[in-house]
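# Architecture and fold: a report
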Amino acid sequence: MADESNTGAVAASEAAGEMKTQKQRSPRRQKATAEQVRDSSATADKPRKHSEQEKIEKLKLIETEVAQHKSTLKDAIKRAGISEQTYYQWKRAAKPVAQKADMPVSPGDEFAELVQLEKENQRLRKLLAEKLRTENADLRKRLGLDE
């Protein structure tokens with residue numbers, strides 16, 4: 001019986017030793033609730049959406065500052081309150097719109113415009129030829145070369 005009591009004591013001391021050698025974990029963090037996530041996202045900086053009118057105004061402001069040599073392009077962009085990347089994106093988006101107003105959109109429209117220009121050229125040539133003929137006749141009369 002003495003052996004049994006010794007083995008029980010040894011087993012208890014081994015269990016206590018294991019408890020001491022185990023690394024203690026830090027308490028787990030609680031997961032964020034949906035309300036906490038919404039609150040934190042509401043305070044985060046979101047990019048501002050500019051209207052088309054605001055974009056055009058800022059682009060014009062930047063162009064006038066640079067044209068009048070008041071500042072460099074980079075400084076003018078900073079004063080307008082936008083990034084360089086935003087400036088170039090806006091400028092690229094605005095440029096095709098301006099070109100579309102000046103140029104025909106489709107090849108069919110381009111051909112129709114060429115036909116119209118050709119008709120106008122023929123009309124103007126006829127007017128010019130008529131004017132030159134009358135001027136030549138007038139000069140012949142003045143010179144007395146009229147036959």
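Structure: above.
My aim in this report is to walk through the structure given alongside it, one point at a time.

Definitions and cut-offs
Residues numbered from 1 in each chain as written. Predicted model: local features only at pLDDT ≥ 70, side-chain atom pairs only at ≥ 80, totals over all residues. Heavy atoms only, no water. Core = buried A, V, L, I, M, F, W, Y, C linked by side-chain atoms within 4.5 Å. Buried < 20%, exposed > 50% of the residue type's maximum accessible area, 1.4 Å probe, protein only. Helix = DSSP H or I, 4+ residues; strand = E, 2+ residues; numbered from the N terminus. Axes fitted to C-alpha atoms, helices over the stretch in contact; angles between N-to-C directions. Left-handed = near helix turned anticlockwise from the far one by under 90°. Contact = heavy atoms within 4.5 Å. Nonpolar A, V, L, I, M, F, W, Y, C, P; charged D, E, K, R; others polar. Polar contact = N/O pair within 3.5 Å; in protein donor to acceptor, adjacent residues only side chain to side chain. Salt bridge = Lys/Arg side-chain N within 4 Å of Asp/Glu carboxyl O. Arc of directions from axis to C-beta.

A few words now on the nonpolar core. Among the nonpolar cores identified, the biggest contains eight residues, and these are Leu59, Ile62, Ala76, Ile77, Ala80, Ile82, Tyr87 and Trp90. At the level of secondary structure, the elements contributing two or more residues to this core comprise helix 3 (52-67), helix 4 (73-80) and helix 5 (84-102). Per element, the largest residue contribution to this core is three residues, and it comes from helix 4.

Okay, the packing of helix 3 against helix 4 next. Two elements in contact, helix 3 and helix 4, have axes whose closest approach is 9 Å; the angle formed by their N-to-C orientations is 145°. Crossing hand, helix 3 versus helix 4: right-handed. Facing helix 3, whose interface residues are Lys58, Ile62, Glu65 and Val66, helix 4 presents Leu73, Ala76, Ile77, Arg79 and Ala80. Tallied by class, the residues present in the contact of helix 3 with helix 4 amount to six nonpolar, no polar and three charged.

Inspection of the secondary structure assignment puts Ser71 in the loop between helix 3 and helix 4. Side-chain polar atoms of Ser71 contact the side chain of Arg79, separated by 3.1 Å.

Before going further, it helps to spend a moment on the pattern of salt bridges. According to the stated counting rule, one finds four salt bridges in the structure shown. Between Glu52 and Lys55 there is a salt bridge whose closest N-O contact spans 3.5 Å. In this pair, Glu52 and Lys55 both sit in helix 3, three residues apart, roughly one turn of the helix. Residue class for Glu52 comes out exposed when judged on its relative accessible area of 54%. Here Lys74 and Glu84 are joined by a salt bridge, their closest N and O atoms 4.0 Å apart. Within this pair, whereas Lys74 is found in helix 4, its partner Glu84 is found in helix 5, the two being separated by ten residues in sequence. Residue classification places Glu84 among the partly exposed positions, given a relative accessible area of 34%.

Let us look at helix 4. Taken residue by residue, helix 4 has Ala76, Ile77 and Ala80 as its buried positions. Within helix 4, the buried residues cover an arc of 100° as seen down the axis, which keeps them to one side. Exposed and facing more than 90 degrees away from the buried side of helix 4 are Lys78 and Arg79. Once helix 4 finishes, Gly81 follows within two positions and takes phi at roughly 85°, a positive value.

In short, the description is geometric, and any link to function would need to be established separately.
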